[in-house]
Structure formats: structure tokens, C-alpha cells
Amino acid sequence: MSHLFEYTGNPFVDAGISALTKWCDKKTPQELTEADVKKALPEIATLFSQKAWIKTFYTTFSNGVMVQPSNKGKEREKWLAFISELAKELQPLSDHGSCVACGCREAIRIRKEKRGLLRSEVPMTSGSLNYYSYASSGADYCGTCAIAIQVSPLVLYRSGGKMILVHSSSEKAMRLWAKMTINEVRSQISLENYTGCFTENYTNPQNALFQIAKKLIQDKEDWANDPVAIRIYHFTNYGQGAELSYYDLPARIFHFLNEVQHSEELSDWRNIVRHRYRY
């Protein structure tokens, strides 16, 4: 293999891969080059260092470089320094490796501690000794997958005080969701009430899941022959208590919603939904 990225099945890595693919205006992850990634990182650092975005990092990367008190006012510089260190580990996929996400590159060790990645670098990851196999401290990710995780907030969906990460069996759905979210965060950047991370103010994650499916369906993509199953991860990685729930929308339900959306009975279906919300 000679390319840097392909989807792994790891939700945080895949979210970051779809984010980079869209940010760099590529059609597939396989088209991303090292030059693309290194050009994108300073641009993303500028976006992430805004006040609205920094709030997101308390929920996603507990005690990460963007939210450490000593880094206040220097968030862009510190995040870019950290991500630039990871970028030194950018390597193409091979046929083996110890990375828990891609399995095709060797896992990295961070600085003097010689440890894997902790909650400050990978959401929902424990740092306790003996939590992982071989009594290793931190999770074993390669530098390339770690970069993808760091940029994954670009495609997250804020739900109350938590985040929703969208993961799908369909690469087309992942690509389209990244397009929607990144276009939204870019288009609203000059507004006074700019929220940073994309949100539509859904606090109930199950309602948000159906809204996400609706947004995908309303696009002009042809979903008829695409087995689109969607899983959302509703989480907070906040330092005083990480929480995670997940909700599934099976392919058969997605296709039912798709058929209804394009049928003559759409108004009847909306009446059923409204009635359910009300009662």
C-alpha cells in the first residue's frame, strides 16, 4: 500500500479521515497526501484556536493542549506544535503494524514517558496502568491515525453538553456528513453567535440521529443501492466524568425513511412524527 489513509472501522479515526478528506477537497481518503495534511494542519489550528472551538475541547480532549490553563492565549501555537510532532510520524499503510486502529503501522510512544495516547489525546481512552494489554500505559495508535483523531471535532455534532460522532458503514454517508458539517462551520464563522462545532440544538441524541439521517436523505445522493447503517456515539470526555452511549439506525430503517421522503405519503408521515413528538 502506498497511501496514508483508508477507513479503519475505528469511529474517531474514520471521523478524522472524512474531515481531512473534505477539508483538502479530495474525493476519497486514498487521495490524501502528506503535503495535503501538512498544509491543512495550520489552517485547522487557526479554526480550533477560536474561543467557540476551545469550549469543544473540554468535552473531547480532557486536559489536552487546547484547554490547559498554562496554554491560555497560546492555544494555536501549542496545538500546532503537538500536531506537528505527530506529523513527523506520517507514514503510508503497510501490511502489518501494532496500531489498534489501522493495524498497518507501528504505534507511537509519546515523549519521555514512552507511553501510548491518553484521554487528553484520544477521547474515551483511559490512562491507567494495566488497563491495556501487556500493562502498557495509554492506547496504541500510530501517528497518522492520531492526527485523524485530533481533527475529528470538525465533523462532530454538539448535543446539549455532549458531542455526537457519526459513524456509518457507507463511505458515501461519511463523505457527505463531513461535507455538511465542515461547510456549516465555515459558513457561520463570521456570525456573532458562532458556536464552533456544528449544532442544531438537539439535546435528545435519538432525535438528533433521525435529524442526521434526514439531512443525508434530503441531499440529492442516490441511496437506493447503498446499505447505509448509521451509529452515533453520544459522549463527553470531560475530566470529571466521561460518559458514552450509542444509538443505531439500521439500514432497513434508513431506506424506509428514504422511500418515505420521496413518496406521495410524505405529508402523512410527517403528521405521524408530529403526533409522536407531541404525545
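Up top is the structure.
On a predicted model such as this, the values are computed, not experimentally measured, just so you know.

K.L.:
Would you explain the sheet that holds strand β1 (residues 157-159) in this entry?
P.N.:
The strands making up a sheet associate through backbone hydrogen bonding, with each pair oriented either parallel or antiparallel. Strands sit in the order β3-β1-β2-β4-β5 across an open sheet of five strands; the sheet is mixed. Looking along the sheet, the strands with just one partner apiece sit at the ends: β3 (198-199) and β5 (243-249). Strand direction decides the pairing type here: β1 and β3, joined by two bridges, are parallel. If you follow Tyr 157 over to β3, its bridge partner there is Phe 198.

K.L.:
Would you take a moment to explain the packing of helix α7 (residues 205-218) against helix α8 (residues 251-261) for this structure?
P.N.:
When two helices pack together, their arrangement is given by the angle between the helix axes and the distance between those axes. Remark: α7 packs on α8, axes separated minimally by 10 Å, with the N-to-C direction vectors making an angle of 55 degrees. In this view, α7 runs oblique relative to α8, as classed from their interaxial angle. In this structure, α7 crosses over α8, and the sense of that crossing is right-handed. Of the residues in α8, those in contact with Phe 210, Ala 213, Leu 216, Ile 217 and Gln 218 of α7 are Phe 254, Leu 257, Asn 258 and Gln 261. In the contact of α7 with α8, the residues fall into six nonpolar, three polar and no charged.

K.L.:
I keep staring at the environment of Ile 83 and nothing clicks. Help me out?
P.N.:
Residue placement: Ile 83 occurs in helix α4 (residues 75-87). Since its relative accessible area comes to 0%, Ile 83 is described here as buried. Through-space distance from the C-alpha of Ile 83 to that of Gly 143 is 9.2 Å; in sequence the pair is 60 residues apart. Excluding anything up to four places from it in sequence, Ile 83 contacts Leu 41, Ile 147 and Gln 150.

K.L.:
Any chance you could explain the pattern of salt bridges here in plain terms?
P.N.:
Pairing of side chains with opposite charge becomes possible as their charged atoms draw close. All told, the structure shown has eight salt bridges when counted by the stated rule. The salt bridge involving Lys 172 is made with Asp 226; its shortest N-O contact spans 3.8 Å. With Lys 172 in helix α6 (residues 171-187) and Asp 226 in the loop between α7 and β4 (230-236), this pair connects stretches of sequence that are 54 residues apart. The two residues Lys 172 and Asp 226 agree in class, both being buried.

Rules behind the numbers
Residues numbered from 1 in each chain as written. Predicted model: local features only at pLDDT ≥ 70, side-chain atom pairs only at ≥ 80, totals over all residues. Heavy atoms only, no water. Pairing = 2+ DSSP bridges. Helix = DSSP H or I, 4+ residues; strand = E, 2+ residues; numbered from the N terminus. Axes fitted to C-alpha atoms, helices over the stretch in contact; angles between N-to-C directions. Parallel < 35°, antiparallel > 145°, perpendicular 65-115°, else oblique. Left-handed = near helix turned anticlockwise from the far one by under 90°. Contact = heavy atoms within 4.5 Å. Nonpolar A, V, L, I, M, F, W, Y, C, P; charged D, E, K, R; others polar. Buried < 20%, exposed > 50% of the residue type's maximum accessible area, 1.4 Å probe, protein only. Salt bridge = Lys/Arg side-chain N within 4 Å of Asp/Glu carboxyl O.

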